[in-house]
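Summary of structural features
Residue strings, one per chain:
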Amino acid sequence: MTEQQGPGPGRTRQSAIYRRGTLGQQPRVPTDPDELEARAHKEMSAKAWAYVSGGAGTGASVRANRAAFDRWQVVPRMLHGTTTRDLRSEILGTSLSAPVMLAPVGAADLVAPSSDLDIARGAAAARTPYIFSTQGCAPMERTAQVMGDVPWWYQLYWSIDEELVDSFIGRAEDAGAKALVVTLDTTMLGWRTQDLDLGSLPFSQGIGIAQYTSDPRFLRIVAERVAAAGDAPSPLEGTKGAEKVRAAASGARTLLSQSRRHPGDTRDNLRSPEPRAAVETFLDIYSNPGLSWSHIETLRERTQIPVLLKGILHPDDAQRAMDLGVDGIIVSNHGGRQVDHSIASLDALVTIRERVGPEPVVLLDSGVRTGADVFIALALGADATLIGRPHIYGLALDGADGVRDVIDNVIAELDLTMGLVGAASIAEITKKAFLTGPA
Ligand SMILES: Cc1cc2nc3c(=O)[nH]c(=O)nc-3n(C[C@H](O)[C@H](O)[C@H](O)COP(=O)(O)O)c2cc1C
């Protein structure tokens, strides 16, 4: 798609949109990122919107991610005669047609049914790698099938059950993952005020636990718990009158949601303690608050595929990761969802690249909204960027096509930016050549 025989992805996309405009058709997925968000908001339930758009605490980290991009300005060069651009690169053996991948996003069924499969369809249509979440809504093996020959990576949340960790890694390798991304920043959920104020946690509805309920090790743990539990107390105990009626109705909806999402027949599931036990088991074991460097050290023996650590923000942590021999890092503050008043990812990228030098693989996410943002991140030392919330907004607006459109729009703008400023390849995008900003 981005090999430069024709006019390039930017002009091609622009022309297609303007041509449809002559027929009175406007894009279903807005190219303006604020409009994209606003239109997606209208399509989403209150709980979905809270979960996807929300940040930790006051939302300062979400705002900081955007403010960091606004502090840099691009300085275009003129009369450079750049007519073709090469957007391709290779990251740890994964070929990219443009330096863009889809970030792992869990529980996206809140936004649209079959979310992961539609995201995979959109990613594959745009020939863009997708990082599957451990908190995904379809078993990784099914999503992998949809990706076809387009590469995908697997994101791991480190469970307190080490056998489950090995099971996830083994399944990802068997299903064809090209790299393993270990997310470090979510050893516990952040203080997510928008979700808290709705009392909404997708996982308790059984949303976002499909990697677990398709895992033999996880199902064994659930079966052991069911056998050990006997008669669990009713969650209605201690409630009375109207409150009891409301709680019973809500409990029934939760049970139905859990049963629908659990493998097997929904009617059988409704009569079984397993769906509820699966949710409770997930909540108990999905993450390890004690995760430390000693866990990461074990990875070399546990997998053959490249390993990246996601969530690194401090240069000392970046250096330590390199010293341990990990293959790459993803600079990320999880879209501002974990720690309020966190350093912006883009600011962290600058100091991290300075520390680790030009060689190590460093990716960036959090706040990337446009092709110009990708350009700035590359100039500041990122090898590639991940697109997070915007692809979920595309999903909300137009399913798989919406995901594809969001990716295509970002790549189109990156291509046009490169052509306008005079960068013929990804390697030519440097801070020295094209940016001005904080000293
Ligand atoms: C709704 C939602 C769910 C997410 N789930 C995961 C996840 O399961 N695993 C993970 O490593 N990161 C997860 N992230 C973080 C993203 O991978 C990425 O770091 C973040 O979206 C980047 O910020 P941005 O979307 O504002 O650009 C999630 C982000 C959102 C918005």
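The residue numbers shown here count from 1 along each chain, following its written sequence. Where local features are concerned, this predicted model is filtered to residues with pLDDT of at least 70; where side-chain atom pairs are given and counted, the filter is 80 or more; whole-chain, interface and lining totals use all residues.

**Considerations on the overall build of the chain**
Quick note on the threshold: Where helices and strands are cited, they refer to DSSP runs of H or I of at least four residues and of E of at least two residues respectively, numbered from the N terminus. It is over C-alpha atoms that the radius of gyration is taken, and the globule rule equals 2.2 Å times the number of residues to the power 0.38. Each residue is classified by how many other C-beta atoms fall within 10 Å of its C-beta atom, where C-beta atoms are placed from the backbone; a count of 20 or more means buried, 12 or fewer means exposed, and values in between mean partly exposed.
On a plain count of helices and strands, the chain comes out with 20 helices and 12 strands. By the compact-globule yardstick of 22 Å for 439 residues, the chain fits well, its C-alpha radius of gyration being 22 Å. Oriented by its inertia axes, the alpha-carbon framework of the chain measures out at about 75 × 55 × 40 Å. Scored against the burial criterion, the 439 residues of the chain give a buried share of 49%.

**Details of the nonpolar core**
How we decide: What we call a nonpolar core is a set of buried Ala, Val, Leu, Ile, Met, Phe, Trp, Tyr and Cys residues whose membership is set by joining through C-beta atoms within 7 Å. Once C-beta atoms are placed from the backbone, any two residues with those atoms within 7 Å are in contact.
Of all hydrophobic cores here, the largest spans 122 residues; its most connected members are Val111, Tyr130, Leu180, Val181, Ile329, Val331 and Ala377. Every residue in contact with Val181, bar those within four places of it in the chain, is listed here: Pro104, Ile131, Trp153, Tyr154, Gln155, Leu156, Leu308, Lys310 and Ile330.

**Remarks on helix α5 (residues 115–125)**
For α5, the tally of buried residues reaches 9 of 11 residues, placing the bulk of the element in the interior. Burial in α5 covers these residues: Ser115, Asp116, Asp118, Ile119, Ala120, Arg121, Gly122, Ala123 and Ala124. Tucked inside the fold, the buried residues of α5 contact β4 (100–102), β5 (130–132), α6 (140–147) and α19 (389–421).

**Focus: the site of the ligand**
What counts, and what does not: Any residue whose C-beta atom, as set from the backbone, lies within 6 Å of a molecule or strand is reported as near that molecule or strand. Any residue outside Ala, Val, Leu, Ile, Met, Phe, Trp, Tyr, Cys, Pro, Asp, Glu, Lys and Arg is labelled polar, Gly included; the first ten of those are nonpolar and the last four are charged.
Taken together, 20 residues lie around the ligand, and Ala103, Gly106, Ser133, Gly335 and Gly388 are the ones closest in. Classifying every residue of the shell around the ligand gives 6 nonpolar, 11 polar and 3 charged.

**As for the domain arrangement of the chain**
Many analyses report the size of an interface as the accessible area lost when the parts associate. Just so we agree on the cut-off: A domain assignment, automatic or from a database, supplies the domain bounds used here.
Looking at the chain, the domain boundaries give domain 1 (9–193 + 288–436) and domain 2 (210–231 + 243–285). For domain 1 versus domain 2, the separation of C-alpha centres amounts to 32 Å. On the domain 2 side, the residues contacting the 13 residues of domain 1 number 9 residues. Per element, the largest residue contribution to the side of domain 1 that touches domain 2 is 4 residues, and it comes from helix α7 (residues 162–175). Residues belonging to the side of domain 1 that touches domain 2 are distributed by class as follows: 7 nonpolar, 4 polar and 2 charged.

**A word on the pairing of strand β11 (residues 384–387)**
Defined as follows: Pairing between two strands requires that DSSP report at least two bridges joining them. By convention a crossover is right-handed if, when the strands point away from the viewer, the path from the first strand over the helix to the second runs clockwise.
Here β11 shows two buried faces, one formed by Ala384 and Leu386 and the other by Thr385 and Ile387. Note: β4 against β11, 3 bridges, orientation parallel. Among the inter-strand pairings, Val100 is bridged to a residue of β11, identified as Thr385. Pairing of strand β10 (residues 361–364) with β11, which is carried by 2 bridges, proceeds in the parallel orientation. Residue pairing for β11: Leu363 is matched across the bridge by Ala384. Tracing the backbone out of β10, into helix α18 (residues 371–379) and back to the parallel element β11 gives a crossover that is right-handed.

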